[in-house]
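Chain by chain, the residues:
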Amino acid sequence: MKLGNMAAGRSGLGLSRKQAREAPGIKYPLLNLRSINPGGYVDVDQLDVFDASEYLSLDYLSQIGDVIIRLSAPYTAVLIDEATAGMVVSSNLVIIRVNRR
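The structure reproduced in this document is the subject of the present report. (Residues numbered from 1 in each chain as written. Predicted model: local features only at pLDDT ≥ 70, side-chain atom pairs only at ≥ 80, totals over all residues. Heavy atoms only, no water.)

Overview of the side chain of S62
Then, in step 1: Mapped onto the elements, S62 comes out in the loop between β5 (48-52) and β6 (67-70).
Then, in step 2: Within polar-contact distance, the side chain of S62 engages the backbone oxygen of T84 at 2.6 Å. (Helix = DSSP H or I, 4+ residues; strand = E, 2+ residues; numbered from the N terminus. Polar contact = N/O pair within 3.5 Å; in protein donor to acceptor, adjacent residues only side chain to side chain.)

Quick word on the pairing of β6
Then, in step 1: Across the two faces of β6 the burial differs, with I68 and R70 buried and V67 and I69 not buried at all.
Then, in step 2: Across three bridges, β6 lies against strand β7 (residues 77-79) in antiparallel orientation. The residue of β7 that forms the bridge with V67 is L79.
Then, in step 3: Between β6 and the antiparallel strand that follows it, β7, lie six residues.
Then, in step 4: As judged from the four bridges shared by β6 and strand β9 (residues 93-98), these two strands associate in the antiparallel manner. (Buried < 20%, exposed > 50% of the residue type's maximum accessible area, 1.4 Å probe, protein only. Pairing = 2+ DSSP bridges.)

Section: the environment of G40
Then, in step 1: Checked against the element boundaries, G40 lands in the loop between β3 (36-37) and β4 (41-42).
Then, in step 2: For G40 and L79, which are 39 residues apart along the polypeptide, the C-alpha to C-alpha distance reads 8.0 Å.
Then, in step 3: If sequence neighbours within four positions are ignored, G40 has contacts with T76, A77 and V78. (Contact = heavy atoms within 4.5 Å.)

Structure, rendered in C-alpha coordinates:
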(Lines give C-alpha, C1' and ligand atoms only; values in the text may rest on other atoms or scores of the structure.)
Protein backbone atom coordinates (compact mmCIF):
# COMPACT_ATOMS: atom_id res chain seq x y z
CA MET A 1 0.00 0.00 0.00
CA LYS A 2 1.27 3.48 -0.88
CA LEU A 3 1.26 6.48 1.43
CA GLY A 4 -0.83 8.40 -1.13
CA ASN A 5 -3.64 5.87 -0.67
CA MET A 6 -3.71 6.37 3.11
CA ALA A 7 -2.89 10.05 3.59
CA ALA A 8 -2.73 13.42 1.89
CA GLY A 9 0.26 15.75 1.99
CA ARG A 10 0.24 19.52 1.58
CA SER A 11 2.44 22.46 2.40
CA GLY A 12 1.49 24.90 5.11
CA LEU A 13 0.09 28.38 4.63
CA GLY A 14 1.96 31.14 2.80
CA LEU A 15 1.61 33.60 5.67
CA SER A 16 1.92 36.86 3.77
CA ARG A 17 -1.28 36.12 1.82
CA LYS A 18 -3.44 35.97 4.95
CA GLN A 19 -1.62 38.33 7.31
CA ALA A 20 -3.74 41.14 8.77
CA ARG A 21 -2.70 44.52 7.41
CA GLU A 22 -4.34 46.38 10.26
CA ALA A 23 -4.40 45.30 13.89
CA PRO A 24 -6.12 43.57 15.49
CA GLY A 25 -6.36 40.45 13.39
CA ILE A 26 -7.62 37.00 14.27
CA LYS A 27 -4.89 35.50 16.46
CA TYR A 28 -3.62 31.95 15.96
CA PRO A 29 -0.62 30.13 17.45
CA LEU A 30 1.94 29.60 14.68
CA LEU A 31 4.02 26.47 14.13
CA ASN A 32 7.34 27.55 12.66
CA LEU A 33 10.79 26.03 12.14
CA ARG A 34 11.97 27.03 15.63
CA SER A 35 8.98 25.37 17.30
CA ILE A 36 9.77 21.94 15.77
CA ASN A 37 12.36 20.56 18.17
CA PRO A 38 14.93 18.10 16.70
CA GLY A 39 13.87 15.72 19.49
CA GLY A 40 10.54 15.21 17.70
CA TYR A 41 8.15 17.41 19.66
CA VAL A 42 6.57 20.87 19.42
CA ASP A 43 8.38 23.35 21.69
CA VAL A 44 5.47 25.56 22.77
CA ASP A 45 7.91 28.16 24.13
CA GLN A 46 9.07 28.80 20.54
CA LEU A 47 5.60 29.37 19.02
CA ASP A 48 4.81 32.71 17.42
CA VAL A 49 1.43 34.44 17.15
CA PHE A 50 -0.06 34.94 13.69
CA ASP A 51 -2.58 37.75 13.08
CA ALA A 52 -4.81 36.61 10.22
CA SER A 53 -6.96 38.92 8.13
CA GLU A 54 -9.79 36.34 8.16
CA TYR A 55 -10.68 32.98 9.68
CA LEU A 56 -8.40 30.33 8.18
CA SER A 57 -9.36 27.09 6.49
CA LEU A 58 -9.01 23.97 8.63
CA ASP A 59 -6.66 22.69 5.90
CA TYR A 60 -3.93 24.98 7.27
CA LEU A 61 -4.54 24.32 10.97
CA SER A 62 -2.94 21.39 12.74
CA GLN A 63 -5.35 18.56 13.61
CA ILE A 64 -5.01 15.64 16.02
CA GLY A 65 -3.16 12.82 14.26
CA ASP A 66 -1.39 15.03 11.71
CA VAL A 67 2.31 14.53 11.13
CA ILE A 68 4.14 17.82 10.52
CA ILE A 69 7.56 17.64 8.83
CA ARG A 70 10.18 20.37 8.42
CA LEU A 71 11.12 21.05 4.80
CA SER A 72 14.70 21.95 5.74
CA ALA A 73 17.41 20.18 7.71
CA PRO A 74 17.02 18.67 10.21
CA TYR A 75 13.96 17.06 8.59
CA THR A 76 12.19 16.47 11.89
CA ALA A 77 8.64 15.11 12.13
CA VAL A 78 6.20 15.71 14.99
CA LEU A 79 2.83 14.14 15.76
CA ILE A 80 0.02 16.55 16.60
CA ASP A 81 -1.97 15.82 19.75
CA GLU A 82 -4.67 17.65 21.73
CA ALA A 83 -2.17 20.19 23.06
CA THR A 84 -0.83 21.17 19.62
CA ALA A 85 -4.02 21.04 17.52
CA GLY A 86 -5.47 24.24 16.05
CA MET A 87 -2.17 25.92 15.20
CA VAL A 88 -1.37 27.55 11.85
CA VAL A 89 1.23 25.54 9.94
CA SER A 90 3.68 27.78 8.06
CA SER A 91 4.71 27.12 4.46
CA ASN A 92 8.17 25.81 5.40
CA LEU A 93 6.47 22.77 6.92
CA VAL A 94 4.42 20.00 5.32
CA ILE A 95 1.24 18.45 6.73
CA ILE A 96 0.64 14.70 6.34
CA ARG A 97 -3.00 14.00 7.19
CA VAL A 98 -4.46 10.49 7.29
CA ASN A 99 -7.55 9.97 5.14
CA ARG A 100 -10.45 9.47 7.53
CA ARG A 101 -13.22 7.38 6.04
